[in-house]
Amino acid sequence: MHEMSLCESVLQILERQARIQNFTRVTKVQLEIGVFACVEPEAMRFGFAAVTPGTVAEGARLDIIRVSGEAWCLTCNRLVPVRERIDVCPACGHELLSPTGGDELHIKNLEVA
Amino acid sequence: MMCTTCGCGDGEVTIEGRDHSHNLQHHEHHHSNGLDSMADPVHRQVTGISRARMVKVEQDILTLNNAYAGDNRRYFAQHGDFAVNLVSSPGSGKTTLLTETILALPRLINTAVIEGDQQTSRDAERIRDTGVPTLQINTGKGCHLDAHMISHAIEHLGLTDDTLCFIENVGNLVCPAAFDLGEAHKVAILSVTEGEDKPLKYPDMFHAADVMLLNKIDLLPYVDFDVDRCVEYARRVNPDIQVFEVSATRGEGLGDWLAWLQRGLQKTIAGKPSTAAGLTWNDNELETDMVAGAAEVNARGGERP
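Description of the structure in this document. (Residues numbered from 1 in each chain as written. Chains lettered and ligands numbered in written order. Predicted model: local features only at pLDDT ≥ 70, side-chain atom pairs only at ≥ 80, totals over all residues.)

Next up on the list: the overall build of chain A. In terms of regular secondary structure, chain A is built from two helices and six strands. The N-to-C order of helical and strand elements in chain A reads α-β-α-β-β-β-β-β. For 113 residues, the compact-globule estimate of 2.2 N^0.38 gives 13 Å, and chain A exceeds it by more than 25% at 17 Å. On the principal axes, the C-alpha backbone points of chain A span a range of 50 × 25 × 15 Å. A burial count over chain A gives 39% of its 113 residues as buried. A separation of at least 24 residues holds for 71% of the contacts in chain A among residues at least 6 apart in sequence. (Helix = DSSP H or I, 4+ residues; strand = E, 2+ residues; numbered from the N terminus. Rg over C-alpha atoms; globule rule 2.2 N^0.38 Å. Buried ≥ 20, exposed ≤ 12 C-beta atoms within 10 Å, placed from the backbone. Contact = placed C-beta atoms within 7 Å.)

Let us now look at the packing of helix α2 (residues 63–79) of chain B against helix α5 (residues 147–157) of chain B. Residue and element names in this part refer to chain B. Put simply, α2 and α5 touch, their axes get as near as 8 Å, and they point 35° apart. Here the hand of the crossing between α2 and α5 comes out left-handed. Contacts between α2 and α5 involve N65, Y68, A69, D71, N72 and Y75 on the former and, on the latter, A147, H148, I150, S151 and I154. Taken together, the residues that form the contact of α2 with α5 break down as six nonpolar, four polar and one charged. (Axes fitted to C-alpha atoms, helices over the stretch in contact; angles between N-to-C directions. Left-handed = near helix turned anticlockwise from the far one by under 90°. Nonpolar A, V, L, I, M, F, W, Y, C, P; charged D, E, K, R; others polar.)

Written out as structure tokens, the structure reads:
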């Protein structure tokens with residue numbers, strides 16, 4: 001549900017960037033969203049479509065890049081890929097993993113006119 | 001009216017039932033870092049139509065929230081305020097826990113509460129009955145408190161120095177996990193009438209919290225809730241999480257929780273820059289040393305001892 005406020009934050013950043021980087025229209029927004037970022041991509045699309053009409057980003061395409069999770073296995077002493085916070089280590093099956101990647105919530109690039 | 005500096009004031013958020021006003025010059029007081037650097041006072045002339053191009057942004061979506069959170073955190077540190085952000089599902093007994101905690105704390109401790117709910121000020125009224133300064137934020141349809149609301153609350157509340165400041169978030173185990181408010185710790189409250197597997201179902205929140213408070217333990221004989229398993233689940237998503245088992249209504253287990261709060265407050269007070277300077281002055285009883293003390297604090301970059 002907080003995706004709506006995140007979309008408002010995205011829009012604030014776009015409007016600021018429009019002034020700083022000198023553009024009037026955004027045609028594509030590229031977001032990087034990690035699997036641990038507490039964000040549902042579909043809810044993000046819904047929110048983005050709801051907040052952008054009448055703004056610099058009206059009709060812009062939302063391109064969401066999902067960043068997979070990564071964690072440090074305290075038993076193997078190495079980085080392992082994980083899909084969820086509660087995953088076990090794919091190598092040794094140990095449960096104590098400390099996530100090191102996957103909480104990204106970034107605006108990467110814009111396509112502007 | 002929408003505030004042009006930060007874009008606030010155009011939603012349904014109310015503080016103490018009113019739209020929050022901007023006549024207190026809140027943008028001039030403690031939010032400074034981060035926000036000023038992002039401000040763009042010069043509205044450049046946008047020149048006609050140009051071809052489509054790619055623009056690099058590389059910004060965190062929560063940049064603005066995190067800038068406010070950073071300002072709040074600095075404010076709390078400088079004023080010796082120990083802020084804890086209480087998060088839970090609706091019905092975990094958060095407000096009762098809060099009122100009982102306040103009543104059980106030594107009278108000497110300054111306490112304040114920032115109360116977040118979508119609607120009504122019922123919880124704030126319950127807390128106000130304990131006699132502590134309380135401020136209600138109604139988020140309207142909003143599912144969480146954000147750092148900007150907290151900076152307004154600090155100001156409206158007139159938060160005193162050396163204060164234990166409780167922030168009771170909106171009852172929701174999902175969204176508040178993503179929003180740093182500038183608190184020292186998030187405390188997740190889970191009651192034994194809920195499922196013991198909630199840490200696994202809502203891992204983001206239990207990962208973000210430093211403390212899990214298991215409430216309503218007086219009801220354990222009547223419910224099917226395995227405390228050890230619940231703690232094990234919580235440690236799976238957060239190996240470092242600290243656990244307190246309490247019954248807010250019976251007072252059971254409250255001692256350790258109260259001691260944790262008091263230690264946190266003491267550390268925060270001891271770490272604030274003016275305390276450090278004050279101690280140097282008391283030791284030497286000379287005005288010149290007071291200057292030296294202040295210089296020493298500055299030299300250490302105001303860092304906590």
